[in-house]
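The residues making up each chain are set out below.
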Amino acid sequence: MKRNRFLNIILGGGTLAWLGSIFYPVFSFLNPPKRPEANVHSVKAGPADKLAVNSGEIIKFGRRPVLLIRMDTGEVRAFSATCTHLDCIVQYRQDSKQIWCACHNGYYDLRGRNISGPPPRPLDVYPVNIVNNEIIVSKPKQMG
Amino acid sequence: MKNQNHASFLCLAAMAVLVLWAAGLRAAEDDPPLSETDQCLSCHLDDDVMPQDYGEHDIHMQKGLSCAGCHGGDPANDDMDDSMSPAAGYVGIPDKKDIPRFCGKCHSDIDFMRQYQPAIQTDQAEQYGHSVHGAKLMRGDTSVAVCTSCHSGHNIMPASDPRSTVYALNVPETCNKCHGDAQYMKKYDIPTDQYEKFKKSVHGQALLEEQDTGAPACNDCHGNHGAMPPGITSISHVCGTCHINNMEYFAGTKMAAGFKKKKLHGCEECHGNHEVPKPSDKMIGDDKSSVCAQCHESGDKGFLTARVLRTRLDTLAAAYRKASVMKERVNSLGMDDLDIEFILQEAKQSLTKARTMIHTFDTLKVSALTTEGLVKNQQAIREARVQIEAYYIRRKGLGASTFIITLLIVALYLKIREIERRQKSTTGEV
Ligand code: FES
């Protein structure tokens, strides 16, 4: 009788634990942590009216940092934020209205073209669309 | 009615445009080639006496300027004596010493040149007069380079054309044609190994091996039409055209002032010129292989500064390597390394900035940047540990659930046996 009770406890507890080990991963899968995926094709970068005119902001595009710029005209542009010289993160300069790399004083224009300093190549341009006031940044075509 | 009129008008207009377009096409097709209308070309092609270096892609030819455009004469006249007479404006082959003036006739005339390009440069001949080549030519030395030596005579293409002798990737070879020829350069008593050295340099490898047209070729440091070896005062400005921060940081140091007094070439003293190697942290410090040790002696102030700077860089570089290895581990375990990667990018940025800040020789400024980098590295390492721990928790979870399932199976087996045994005993009693 004693053995029978012991077996029942093991069976009951074991079944519960087994159900837990099935449902916990299922639940974790349905409710993933808020982390960006590594291989993304587009990201939502927030409401367009929150990005001030003549300002820039770095956003995460999968594994890459992207510089989002709202120009004086209100147009939003996005560029790879990785400097083409030695991979520092570039930033928008409100005073000169250019993209600037602090590491070696490299400058790019607002089309991403390297215009002064050591950067040897232009920055990749990320297409931007604004849908219902939401900024959508997409992967550049040449990146495949 | 009004709409009908409107439609017929549009139809007529479209037909007119089509007819005009077709006529234009016919006209273009009907234009006879230059080799038929231009008598110089047609005879020289027929007799196979075109200049040796002639190329049909020559920019002048492309723009409709054939032989007479430079050599004068009357290309419409098929009588050789008349067309090539002084009366017809024929000037023939210019002497080498006259070539800059010969090309300058058009290239220095903005009114003429702007029809081809509104913002075209027209100071090449003037700059040439200030170059070493030009100065020597004026003194009667006809061995020096003139326009055609670099651009070719009859196969001239814009510098943006990869087939051009002056396209960025081709410039080193073009200069080397003369400057690498020891026999030809003998009378000038200057080195002839610049190209060999350049090929091995960080600039040369980027340009010639990686085909990176953003990297400097000879003309980016020496100028092209006004080519000159950069002087002592201008050398850091030359390097500073691209390496702006390095130039500014160095210009504010006591060392820069000392260099000036001793007539030493700024950047070149440590980095070399044609053979500029890829800079490394080993260049700074107090060991014998460092460039600092070339001038500083053990115990002097500069020597101590160099040691501190090197230690700071080494510490940060080692911490960055360690954090990168941990990030790789996180990645290989299949865990999320995205945030760590972003933090590491910032750490690397601090290292890059510190390496540039070295040019101030200010230990405090460099330390501020290396400390910033170390903090980032520690943050990355902390994040990596969290991910690695999470991985092991998952593994333990998997072990525990496997154990539970096994236990469940065993218990189930025993339970079934027990039920069977009970059933048997009940049947036996009956
Ligand atoms: S890393 Fe950007 S200019 Fe050097």
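Residues numbered from 1 in each chain as written. Chains lettered and ligands numbered in written order. Predicted model: local features only at pLDDT ≥ 70, side-chain atom pairs only at ≥ 80, totals over all residues. Heavy atoms only, no water.

On to the overall build of chain A. Looking only at helices and strands, one finds one helix and 11 strands in chain A. Buried residues in chain A amount to 41% of all 144 residues. Pairs at least 24 residues apart make up 40% of the contacts formed inside chain A by residues separated by at least 6 positions. Summed over all atoms, the accessible surface of chain A reaches about 8,500 Å², with 57% contributed by carbon and sulfur. (Helix = DSSP H or I, 4+ residues; strand = E, 2+ residues; numbered from the N terminus. Buried < 20%, exposed > 50% of the residue type's maximum accessible area, 1.4 Å probe, protein only. Contact = heavy atoms within 4.5 Å. Areas by Shrake-Rupley, 256 points an atom, 1.4 Å probe, with all protein chains shown as cover.)

This next bit is on the packing of helix α21 (residues 301–332) of chain B against helix α22 (residues 338–357) of chain B. Packed helix pairs are specified by the crossing angle of their axes together with the interaxial distance, meaning the distance between the axes. Residues and elements named next belong to chain B. Packing of α21 against α22 brings their axes to within 10 Å, and their N-to-C directions diverge by 160°. One way to sum up the angle between α21 and α22 is to call them roughly antiparallel. The two elements α21 and α22 meet at a crossing, and its hand is left-handed. Mapping the contact onto sequence places L313, L316, A317, Y320, A323, S324, K327 and V330 in α21 and I340, E341, L344, A347, K348, S350, L351, A354 and R355 in α22. (Axes fitted to C-alpha atoms, helices over the stretch in contact; angles between N-to-C directions. Parallel < 35°, antiparallel > 145°, perpendicular 65-115°, else oblique. Left-handed = near helix turned anticlockwise from the far one by under 90°.)

One recurring pattern in soluble globular proteins: nonpolar side chains tend to sit buried together. Residues L67, I69, V90 and I99 of chain A are the most contacted members of the largest nonpolar core, which totals 16 residues. Listed by contribution, the elements that provide at least two residues to this core are β3 (64–70) and β6 (98–101) of chain A. (Core = buried A, V, L, I, M, F, W, Y, C linked by side-chain atoms within 4.5 Å.)

Time to look at the UniProt feature "domain: Rieske" (unreviewed entry) in chain A. According to UniProt, the "domain: Rieske" (unreviewed entry) feature falls on residues 43–137 of chain A. What you have in residues 43–137 of chain A is 0% helix and 49% strand, and the ends, taken at the C-alpha atoms, are 5 Å apart. (UniProt positions renumbered as here; feature names shortened; annotations may be inferred.)

Turning to the sheet that holds β3 of chain A, a few remarks are in order. All names here are of chain A. If you trace the four strands from one edge of the open sheet to the other, you get β2-β3-β4-β9, paired in antiparallel fashion. Both outer strands of the open sheet, β2 (55–61) and β9 (125–126), are each paired with one neighbouring strand and no more. Relative to β9, strand β4 (residues 76–80) runs antiparallel, the two being bridged by two bridges. The residue bridging F79 from the neighbouring strand is V125, located in β9. (Pairing = 2+ DSSP bridges.)

This next bit is on unusual backbone geometry. Positive phi is not limited to glycine here, since N54 of chain A has a value of about 55°. Locating N54 of chain A in the fold gives a position in the loop between β1 (42–47) and β2. N54 of chain A gets classed as buried once you look at its relative accessible area, which sits at 15%. A positive phi angle is found at D189 of chain B, which is not glycine, with a value near 55°. Looking at where D189 of chain B falls in the secondary structure, it is placed in the loop between α13 (182–185) and α14 (194–200). The class for D189 of chain B is exposed, based on a relative accessible area of 72%.

Interface size is commonly expressed as the accessible area that is lost once the parts come together. With 32 residues of chain A at the interface, the matching set in chain B holds 35 residues. Together chain A and chain B conceal approximately 2,900 Å² of surface at their shared face, both sides included; 56% is due to carbon and sulfur atoms. Our count for the chain A to chain B interface comes out at five salt bridges. The partner of R63 of chain A in a salt bridge is D337 of chain B, and the shortest N-O contact between them spans 2.5 Å. In this structure, the connection of chain A to chain B is made through 11 residue pairs in polar contact (both at pLDDT 80 or more). The biggest single contributor to the side of chain A that touches chain B is helix α1 (residues 2–30) of chain A, with 11 residues. Grouping the amino acids of the side of chain A that touches chain B by side-chain chemistry returns 14 nonpolar, 10 polar and eight charged. (Buried area = accessible area lost by both parts, 1.4 Å probe. Salt bridge = Lys/Arg side-chain N within 4 Å of Asp/Glu carboxyl O. Polar contact = N/O pair within 3.5 Å; in protein donor to acceptor, adjacent residues only side chain to side chain. Nonpolar A, V, L, I, M, F, W, Y, C, P; charged D, E, K, R; others polar.)

A separate point is the pairing of β4 of chain A. Residues and elements named next belong to chain A. When you tally the buried positions in β4, you get five out of five residues, the bulk of the element. Pairing of β3 with β4 involves five bridges; the strand directions are antiparallel. Paired with V66 across the strands is S80, a residue of β4. Count of turn residues in the β3/β4 antiparallel hairpin: five residues, of which G74 carries a positive phi of about 95°.

Residue and element names in this part refer to chain A. The element β3 is largely enclosed, with a buried count of six among its seven residues. Where β2 lies against β3, seven bridges are found, and the strand directions are antiparallel. Paired with K60 across the bridge in β3 is P65. Here β2 hands over to β3 after two residues, with G62 in that stretch at a positive phi of 60°.

Here we come to a negative patch on the surface. Residues and elements named next belong to chain B. A cluster of acidic residues, D78, D79, D81 and D82, forms a negative patch at the surface. With respect to the secondary-structure elements, D78 resides in the loop between α5 (67–71) and α6 (80–83). On the basis of relative accessible area, D78 is assigned to the exposed category, the value being 60%. (Patch = residues over 30% accessible without salt bridge, like charges linked within 9 Å, V, L, I, M, F, W, Y side chains within 5 Å. Lys, Arg positive; Asp, Glu negative; His and termini not counted. Charge placed at Lys NZ, Arg CZ, Asp CG, Glu CD.)

Let's shift gears to the state of the cysteines. Every disulfide links exactly two cysteines, by a covalent bond between their sulfur atoms. If you walk through the whole model with that rule in mind, you get one disulfide over all chains. Here C88 of chain A is linked by a disulfide to C103 of chain A, with a sulfur-sulfur distance of 2.0 Å. As the torsion about the S-S bond is roughly -85°, the C88 of chain A-C103 of chain A disulfide counts as left-handed. Of this pair, C88 of chain A sits in the loop between β4 and β5 (91–93) while C103 of chain A is found in the loop between β6 and β7 (106–108), placing the two residues 15 residues apart along the sequence. This pair shows no difference in class: C88 of chain A is buried, exactly as C103 of chain A is. Summary of cysteine pairing: C221 of chain B is not part of a disulfide, and the nearest cysteine sulfur, belonging to C239 of chain B, is at 6.4 Å. Free cysteine: C242 of chain B, not disulfide-bonded; nearest cysteine sulfur from C221 of chain B at 7.6 Å. (Disulfide = S-S within 2.5 Å.)

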